[in-house]
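These are the residues of each chain, in order.
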Amino acid sequence: MKISRRTIVGALGAASMLAFGTSAMAQDYPTKRITIIVPYSAGGATDILARQVADGLSKVLDETVTVENRPGAGATLGTTQAANARPDGYTLFMGQVSSHGIAPAVYKNLQYDPVADFAPIKLLMSIPNVMVVNKDSPFQTAGEFLAAAKAEGKTFGSSGVGSSIHLSGEMFKSRTGANMTHVPFRGSGEAVPALLAGDVDVMFDNLPSAMPHIESGALRALAVTTPERSSKLDGVPTLDELDIPELDGFAARSWFGLLAPSGTDTAVIATLSEALDQVIASEAFVNFADTRGADIEGGSPEAFSAFIASELASWKTVVDEAGVTVE
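Reference entry: report on the structure contained in this document. This one's a predicted model, so the numbers in the text were calculated from it and none came from an experiment.

Our focus in this paragraph is the layout of surface pockets. Estimates place the volume of the second largest pocket at around 190 Å³. If you go around the second largest pocket, you meet 15 residues; those closest to its centre are Ala251, Ala252, Arg253, Glu311 and Trp315. Sorting the residues of the lining of the second largest pocket by element identifies strand E4 (118–134), strand E9 (253–261) and helix H12 (301–322) as the ones contributing at least two each. Tallying contributions element by element places H12 first for the lining of the second largest pocket, with five residues.

The next subject is the environment of leucine 219. The topology assignment puts leucine 219 in strand E8 (residues 219–224). Its relative accessible area of 4% is what places leucine 219 among the buried residues. Linking leucine 219 and valine 132, residues 87 residues apart in sequence, is a C-alpha distance of 6.2 Å.

Attention now goes to empty space enclosed by the protein. Taken as a whole, this structure holds one cavity of 30 Å³ or more when the rule is applied. Looking at the largest cavity, its volume works out to about 130 Å³. What lines the largest cavity is a set of 16 residues, and nearest its centre among them are Tyr40, Thr46, Ser159, Ile165 and Asn206. For the lining of the largest cavity, the elements supplying multiple residues, two or more each, are helix H3 (45–61), helix H5 (97–106), helix H7 (164–176) and E9.

Before going further, it helps to examine the nonpolar core. Counting 47 residues, the largest nonpolar core has Met131, Phe145, Phe172, Met180, Val202, Leu239 and Trp315 as its most contacted members. It is H12 that provides the largest number of residues to this core, a total of seven residues. Those residues in contact with leucine 239, other than ones at most four positions away along the chain, are Met131, Ala142, Phe172, Phe204, Ala223, Val224, Thr225, Leu247 and Phe250. Membership of the second largest hydrophobic core comes to 37 residues, among which are Ile34, Leu61, Val67 and Met94.

Let's shift gears to H12. In a regular helix each residue adds 1.5 Å, so 22 residues correspond to 32 Å; H12 covers 31 Å between its end C-alpha atoms and thus fits that length. Considered for burial, the residues of H12 that qualify are Pro301, Phe304, Ile308, Glu311, Leu312, Trp315, Val318, Val319 and Ala322. Buried residues in H12, looked at end-on, bunch into an arc of 140°, giving them a common side. Facing away from the buried surface of H12 by more than 90 degrees, the exposed residues are Glu302 and Glu321. Of the surrounding elements, those touching the buried residues of H12 are H5, E4, H7, E9 and helix H10 (266–281). Phi turns positive, to about 70°, at glycine 323, one or two residues after H12.

Cut-offs applied
Residues numbered from 1 in each chain as written. Predicted model: local features only at pLDDT ≥ 70, side-chain atom pairs only at ≥ 80, totals over all residues. Heavy atoms only, no water. 1 Å grid on protein atoms, 1.4 Å probe; cavity = no way out; pocket = protein on both sides within 12 Å on 5 of 7 lines; lining within 4 Å. Points joined across faces, edges and corners; volume = space filled by probe spheres on them. Helix = DSSP H or I, 4+ residues; strand = E, 2+ residues; numbered from the N terminus. Buried < 20%, exposed > 50% of the residue type's maximum accessible area, 1.4 Å probe, protein only. Core = buried A, V, L, I, M, F, W, Y, C linked by side-chain atoms within 4.5 Å. Contact = heavy atoms within 4.5 Å. Expected span 1.5 Å × (residues − 1). Arc of directions from axis to C-beta.

In structure tokens, the structure reads:
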């Protein structure tokens, strides 16, 4: 893993800030527009959440907060750009299970360090992934799909190499021996239309981006990837509870949290963390999470940092089992 210049500059910057205590910039923060980088195209779960958070932060901080989509390279392009952004509190990053859980295990030459290059602010929410096919698919259950995939081969779409959507499919494939070919896209905003058009056979999509299409009948949910059923899909079983021994214990959950480049003033991090507490406790955000079957998380920056460390370890095991690597 390549350590970016942000690691060195951030460490020096952090030491300097600690020496001087709370800076004047932090006391006055924010005084101009804040940008949240999303490493996926518009329309996917990460983008949808980032825009909700941006709206909430704009109200709490009384300053404009915008979202900038920078998709590419399985979300590593935008993540690297965020890692190398100026640590002044005005460029933030909507991190997720891919950028700070899976990608470090998948990419051999990653251009950012998920720990050294970022300052965690808050874990926001987590959601299940859902195994979906389009309305014209002949498959009514995950078991039926599995039988066909073993017999004749199928394709599965994802929001890009290294996303939880991709790795959920790889887990399914490696555990069952299904003959499945991965077709990556630049975000769920591009992958879901391909599934709707029948260009791919199945997706293990994040529930928020799949839910409107499930409700409209355009997509059919076969199973969720978490150990427990989703409150929004009561009639949809988990992969774990199906009568398929290879899928016993199957568990994959997506999560999202806000981070800043390392070296960002600790007082700015504290200001943002407190503001996010208000955002995620608001009626608007609670309703937003509820309609998507998401769990609101919260907690301190330190708790988010510990969570990232645990995710990095657990997803490395999954990636090693699936044998997924990218140069």
